[in-house]
Amino acid sequence: MGEHNIREDAGVDDRRRFMKSLLNDVRALEYMLENDLIESGIRRIGAEQEVFLVNRSWHPAPLAMELLRELGHPDFTTELARFNLEFNLSPLEFGGNCLKRLEEQLTGHLARLREASARLGLEVCLTGILPTLSKSDLDLRNMAPMPRYAALNESLKRLRGADYEFYIEGIDDLLIRHDNVMLEACNTSFQCHFQVGSQEFAKLYNVAQLVTAPLMAASVNSPLLFGKRLWRETRIALFQQSIDTRKPTSHVREARSRVSFGTHWLEGSVLEIFKEDISRFRVLMGEHFEENPVEMLQEGKVPKLKALCLHNGTVYRWNRPCYGISDTGKAHLRIENRVIPAGPSVVDAVANAAFYFGMMSGASEHYGDVSKLIPFAEVSNNFLNAARSGLAAQFTWLKRQTLPAQELICRELIPLAREGLTRRGIDASDVDRYLGVLEERVKSCMTGSQWLLDSLHELDNGGSQGQRLAALVAATVDRQSSAEPVHKWKLARLEEAGDWRPSYMRVEQFMTTDLFTVTEEDTLDLVVHLMNWQRIRHIPVEDHHHKLVGLISYRSLLKYFGEHTSAARDDKAVSVRRIMKDEPIVVPPETSTVEAMRIMHENGIGCLPVVKNERLVGVVTERDFMNIARDLLTKSLRFAEGPEKSDPLDDGDL
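Residues numbered from 1 in each chain as written. Predicted model: local features only at pLDDT ≥ 70, side-chain atom pairs only at ≥ 80, totals over all residues. Heavy atoms only, no water.

Novice: Run through the overall build of the protein, naming residues and quoting values.
Specialist: Of the regular secondary structure elements, the protein holds 19 helices and 20 strands. In the protein, which comprises 654 residues, the proportion classed as buried is 57%. Of the roughly 28900 Å² of accessible surface on the protein, a fraction of 48% belongs to carbon and sulfur atoms. (Helix = DSSP H or I, 4+ residues; strand = E, 2+ residues; numbered from the N terminus. Buried < 20%, exposed > 50% of the residue type's maximum accessible area, 1.4 Å probe, protein only. Areas by Shrake-Rupley, 256 points an atom, 1.4 Å probe, with all protein chains shown as cover.)

Novice: Requested: an account of the sheet that holds strand β17 (residues 548–553), with residues and values cited.
Specialist: A sheet is described by the order of its strands in space; here three strands give the open sequence β16-β17-β18, paired in antiparallel fashion. Across the chains shown, the open sheet's two edge strands, defined by having one partner strand only, are β16 (538–542) and β18 (581–582). Here two bridges tie β17 to β18, and the two strands are oriented antiparallel to one another. Bridge pairing links Leu 551 to Lys 581 in β18. (Pairing = 2+ DSSP bridges.)

Novice: A description of helix α18 (residues 593–603) should follow, citing residues and the corresponding values.
Specialist: Every buried residue of α18 is listed here: Thr 593, Ala 596, Ile 599 and Met 600. The buried residues of α18 all sit within an arc of 125 degrees when viewed along its axis, so they share a single face. Seen from the buried face of α18, the exposed residues on the opposite side, beyond 90 degrees, are Val 594, His 601 and Glu 602. Gly 604 sits one or two residues past α18 and shows a positive phi near 60 degrees. (Arc of directions from axis to C-beta.)

Novice: Give a description of the nonpolar core that names residues and reports values.
Specialist: Counting residues in hydrophobic clusters, the biggest one holds 172 residues, and the most contacted among them are Leu 29, Phe 355, Tyr 356 and Phe 357. Judged by nonpolar contacts, the second largest core, of 14 residues, contains Leu 524, Leu 530, Val 541 and Leu 557. (Core = buried A, V, L, I, M, F, W, Y, C linked by side-chain atoms within 4.5 Å.)

Novice: Requested: an account of unusual backbone geometry, with residues and values cited.
Specialist: A cis amide bond, omega -5 degrees, links Gly 343 with the succeeding residue Pro 344. Tracing the chain through its elements places Pro 344 in the loop between β13 (331–337) and α10 (346–366). Its identity is not glycine, yet Asp 36 carries a phi of approximately 55 degrees, on the positive side. With respect to the helices and strands, Asp 36 occurs in the loop between α1 (12–34) and β1 (44–54).

Novice: Explain helix α12 (residues 405–423) to me, using residue names and the numbers behind them.
Specialist: A rise of 1.5 Å per residue sets the reference length of α12, with its 19 residues, at 27 Å; its end C-alpha atoms lie 25 Å apart and thus fit the reference within 8%. Of all the bends in α12, the largest measures some 40 degrees and sits at Leu 413, one to four residues before the proline Pro 415. Listed in full, the buried residues belonging to α12 are Ala 405, Leu 408, Ile 409, Cys 410, Leu 413, Ile 414, Leu 416, Ala 417, Gly 420 and Leu 421. Where α12 is buried, its residues meet α3 (98–119), α5 (201–219), α10, β14 (394–396), β15 (402–404) and α13 (428–444). (Expected span 1.5 Å × (residues − 1). Bend = angle between axes of the 7 residues up to and from the residue. Contact = heavy atoms within 4.5 Å.)

Novice: I'd like to hear about the packing of aromatic side chains, residue by residue, with values.
Specialist: Inspection of the entire model under this criterion finds 16 aromatic pairs. Seen in terms of ring centroids, Phe 261 and Phe 376 are 5.7 Å apart; in terms of plane orientation they differ by 25 degrees. Their pairing is stacked. With a gap of 115 residues between them, Phe 261 in the loop between β10 (259–260) and α7 (271–280) and Phe 376 in helix α11 (residues 376–389) connect regions that are remote in the sequence. Taken individually, Phe 261 and Phe 376 each receive the classification buried, so the pair is uniform in this respect. Where Tyr 356 meets Phe 357, the ring centres are 5.6 Å apart and the plane angle is 50 degrees; that geometry is what we call tilted. Residue classification places Tyr 356 among the buried positions, given a relative accessible area of 0%. Of the aromatic side chains, those joined through ring pairs into one cluster are Phe 239, Phe 261, Trp 265, Tyr 316, Trp 318, Phe 376 and Phe 383. (Phe/Tyr/Trp six-rings, centres within 6.5 Å; stacked < 30°, edge-to-face > 60°.)

Novice: A description of the pattern of salt bridges should follow, citing residues and the corresponding values.
Specialist: Summed over all chains, the structure comprises 32 salt bridges. With a closest N to O distance of 3.0 Å, Arg 229 and Asp 172 form a salt bridge. Taken together, the positions of Arg 229 in strand β9 (residues 228–229) and Asp 172 in the loop between β5 (164–169) and β6 (173–178) put the pair 57 residues apart, joining distant regions of the chain. Among the ionic pairs, Arg 317 bridges to Asp 277, the shortest N-O distance being 2.9 Å. (Salt bridge = Lys/Arg side-chain N within 4 Å of Asp/Glu carboxyl O.)

This is the structure:
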């Protein structure tokens, strides 16, 4: 969960002191490894669950601090954004009914969270990326008020020296710019922990790297961001870019992202990872810790290695090494798998965990040293293929054979996981239950991502984009209240979005973003053809940096052609600059719909460009408001026909 007691105003001297503490922690860990002071001979598992908080209109609800006060429970804590929370599940010894107990813990914590959320008028949603998130939700005012997060944001901005630019290519393309670290808050996960001994760490860490791709392919649940259909597990691309501090250089140079799958097999101990990360990535924090770990070891005490753990928490490996102290008071090592997204359901989450734990146990025995069987580059490529394509991915597996993800998982890896769980003494009924859920999901190809995409396709012919995305969230929350896994869920329905109005609260929720634009130097002939071909009445004029410089309307064209006879003009020689409206009235995307309507009415305009940081991001027109009016009229007529033919409405809905 991280260290929150961090100074927000740390300077250069503070970072130097932190580095001194960090190097002391490394020396202490070296001593502990050399003298066999790390717990071994016992296997434990654990998990952390991240969630989204949503209001009753299915949009992000930045009320995490209020909810934490309502909960008053130490297992719940903040995440980066005020619309996220995280809770810890207690570690369990790996054996017997541990998987069933993991599910019971998860169900119990969610029940407690939902009960407290309901008192605040909130819902809890388990999903990798919330479909209704908008870019305006990622303002710093929605950052959780903890010094650690502010310090992280400032440090990353200092290292990067510029805004973040994101490009993700999928079914749709996403190309945006953002000025803070809050895009990281779009991601929520179900992080699984697997305790290992120091002597076996390298072998099992390599196994974790090998099995991550098929694990992710089976569990993808994040295909949408800002309404765009991107990767099957978009979290992978988004997270890497959201905290990337690398800068373009004038020549080819090796540079690693702070979010990484890795570049090579692990050869030595866990220290190999810690030392590499300290060598490559600058410290972001500036805290000094009074603990002297070397002296503590000499006194027979177990140090917490706070500086090492804190720095490790700012380097985001998808399989992250973790140091901790068990309830027994002994130091231990864990491998934290971070690729599994939140959701879709509790039983799906535990099925994913069972698959991971089973492969970790089975592959280490069945394959031996996996680093000798396949080049790491192929494993890394499998990871990217799984993120992009999910179960449609092709994997290069051991001995260089190429297999479809579905075939590899069902034919080889589920039996391997079953063998691994059985060998550890996991109850046979639990093995059958959880691996059965996963196998049915894989055979049907109905992952969480596929359910979201299929639902969105079914919703394409109705409502606004805001309504469709709200329906996805509403349906997800509804289905999660049952015990059914995702491959048995019914697709989302538009009416599940409920009240239409929240889908039109801000212009960014219904503005047109697929724009046809011209430059000042273009000819009127092009404008005429664009309006005719695309059936539009307004065309924004922008420069080559997408800065809005004017607007040209159908009305201005008619006026020009009415004032100039064909004998007195050469259409192709007339530039857009000659008739465009300079400095048109614009609004930012966060503008309320009512305010946008007022501006258009008072100024007698039919088109309102939407601008962010001087750049054109969308337009709203009279036609968009006609569509809103149509939805309102349809809702009113359905209500007039009787409650049995309409959605329940509050007295004030009409």
